[in-house]
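Structural features, examined
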Amino acid sequence: MTAISLHNTVTVHYTGSFDNGEVFDSTRGRTPLTYVEGKHEVIPGFEAAVSTMEPGDKKKVRLEPKDAYGESNPQLLYQMPTTDIPNYEDLVPGEMIYLMNDEGYQQLARVVHVQDDGYTIFDFNHPMAGCALNFELELLSREPNTGDEDNA
């Protein structure tokens, strides 16, 4: 059995899908995912599932929202004056756009509803918040770090 310790570098192929079978991402046919265990570089449930695997193992897991991108938070829905948004006349419900926050950083938001009263409702939750996620995993390798990765 391979020793599992914090800061091993793991390489994994995966296919992620929603419960309806729609694939949202896959490394099949491209470079596999490499990350450092314990550095919170992937969602918690993904890391936990991979941590129990040996190189060469394959498995399927279903992650509840709490183990993925969390539940949708209604406090992250904001109503803004439409006139404060450049090209507001082109906003389409469901569209993902970047908006500037008070600190001057861009944040991704989903247009929920363009209202007739001059306001638009935006959702700043992660697009997959509230979703259960399914993963087909294949652990390709787990290698101890040399120490340089811990400083990255």
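Structure: see above.
As the structure is a prediction and not an experimental result, all values here were calculated from the model. (Residues numbered from 1 in each chain as written. Predicted model: local features only at pLDDT ≥ 70, side-chain atom pairs only at ≥ 80, totals over all residues. Heavy atoms only, no water.)

1. Some details on the pairing of strand β1 (residues 9–17)
- Among the nine residues of β1, nine are classified as buried, and the element is accordingly described as predominantly covered.
- As paired elements, β1 and strand β3 (residues 33–36) share four bridges and run antiparallel to each other. Bridge assignment links V10 to a residue of β3, and that residue is Y35.
- Pairing geometry for β1 and strand β9 (residues 133–143), over nine bridges, is antiparallel. For V10, the partnering residue across the bridge sits in β9 and is R142.
- As paired strands, β1 and strand β2 (residues 23–26) are joined by three bridges and run antiparallel to one another. (Buried < 20%, exposed > 50% of the residue type's maximum accessible area, 1.4 Å probe, protein only. Helix = DSSP H or I, 4+ residues; strand = E, 2+ residues; numbered from the N terminus. Pairing = 2+ DSSP bridges.)

2. Some words on the environment of Y69
- Along the chain, the position of Y69 falls in the loop between β4 (58–63) and β5 (77–81).
- Setting aside residues no more than four positions away along its own chain, Y69 makes contact with I43, H126, M128, A129 and L133. (Contact = heavy atoms within 4.5 Å.)

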